[in-house]
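Commentary on secondary and tertiary structure
Given next are the chains, with one letter for each unit.
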Amino acid sequence: MAAMSNLRHLKRGEVGPPPPAQDVLRVYGMKFCPYVQRLKLVLTAKGIEHETVNINLAKKPKWFLAKNPRGKVPVIEKNGEILYESDITSEYVDEVYPGRRLRTSDPFRRAKEMIALGDFTESMSGIYGFIQTSNDKKQNTHLIQARKGFAKFDKILQTNAHRYLCGNQPGMTDYMIWPHLERIGATRPEILALYPAIQVYFGRMGEDDAVKACRHSDELHRQFIDGYKSRNWVYDLGTVEEYRFVSSTGGKLKSKM
Ligand SMILES: N[C@@H](CCC(=O)N[C@@H](CS)C(=O)NCC(=O)O)C(=O)O
């Protein structure tokens, strides 16, 4: 159950995997997707066994589009049922699998977390715009947008009574935020340095076991984002493992996932 699976990304024209075996949870993902990482953090924090099939999102197989008409990862499949969207799948597995409950149960605290997530999310299109362009003028516009959300998020963290947004251990909202912070830390650490509370939070999240298990090196992130900038998406970067299908019609997908 490697956290961010190293399995090769399957593309259009390639035969799809057989359905998952009875009661096996399967994640359709992409090694560098922050939304897949959200779900993987939740699965890892709760110790939920699962297998992974990685999808080449630049050349999506038809059989994948049939599973999620939105064409996005993550998707989960179990016993013939399918769900997608990182927040929906994460909440679902948190609720139906045993283990530490990651969603905050107190309605008021949960509502405050949603406000923090909203402020953080406000800066995301700015951040990804900034990371992906080399044009100075465009970078500046994106940075202005990113800073608005970050300043609000930093203020929330300053007055937060706990080590993490969700308490003294990372919870659901922390895991929804972390994948984006990881990418900013890897590519633009100077932005994080502008916000003292975000920087402390970043360091604390980095100590969490699930975060460690799902984390890519800064160098690997930079390699992937460089491809992204030049519109040359390379998904099979770093360690790459091959699938071993037992049969094309059914049965277990045999692989270290
Ligand atoms: N709202 C979705 C966003 C997921 C998403 O954008 N995933 C990207 C990869 S990081 C994707 O599948 N992109 C393919 C596409 O948009 O065609 C979620 O939270 O799961």
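Residues numbered from 1 in each chain as written. Predicted model: local features only at pLDDT ≥ 70, side-chain atom pairs only at ≥ 80, totals over all residues. Heavy atoms only, no water.

With that out of the way, let us pick up the UniProt feature "domain: GST C-terminal" (unreviewed entry) in the chain. Summarizing the sequence annotation, UniProt attributes the feature "domain: GST C-terminal" (unreviewed entry) to residues 106–224 in the numbering used throughout. Its end C-alpha atoms 39 Å apart, residues 106–224 is made of 77% helix and 0% strand. (UniProt positions renumbered as here; feature names shortened; annotations may be inferred. Helix = DSSP H or I, 4+ residues; strand = E, 2+ residues; numbered from the N terminus.)

Of all hydrophobic cores here, the largest spans 64 residues; its most connected members are Val93, Phe150, Phe153, Leu181 and Tyr201. Top element by residues in this core is helix 7 (residues 172–187). It accounts for 7 residues. In terms of domain composition, this core takes at least three residues from each of domain 1 (9–101 + 233–254) and domain 2 (107–211). Setting aside anything within four residues of it in sequence, one finds phenylalanine 153 in contact with Ala116, Asp119, Phe120, Leu165, Ile177, Ile198 and Tyr201. (Core = buried A, V, L, I, M, F, W, Y, C linked by side-chain atoms within 4.5 Å. Buried < 20%, exposed > 50% of the residue type's maximum accessible area, 1.4 Å probe, protein only. Domains from an automatic or database assignment. Contact = heavy atoms within 4.5 Å.)

Turning our attention to the pattern of salt bridges. This model, assessed by the stated rule, comprises 14 salt bridges. Lysine 46 is paired through a salt bridge with aspartate 94; the nearest N and O atoms lie 2.9 Å apart. Separated by 48 residues along the polypeptide, lysine 46 in helix 1 (residues 34–46) and aspartate 94 in helix 3 (residues 86–96) bring together distant segments of the chain. Judged by relative accessible area, which is 9%, lysine 46 ranks as buried. (Salt bridge = Lys/Arg side-chain N within 4 Å of Asp/Glu carboxyl O.)

Another aspect to go through is helix 9 (residues 196–205). All of the buried residues in helix 9 are Ala197, Ile198, Tyr201, Phe202 and Met205. All buried residues of helix 9 lie within an arc of 140 degrees about the axis, which places them on one face of the element. Along its buried surface, helix 9 packs onto helix 6 (136–159), helix 7, helix 8 (189–192) and helix 10 (209–214). (Arc of directions from axis to C-beta.)

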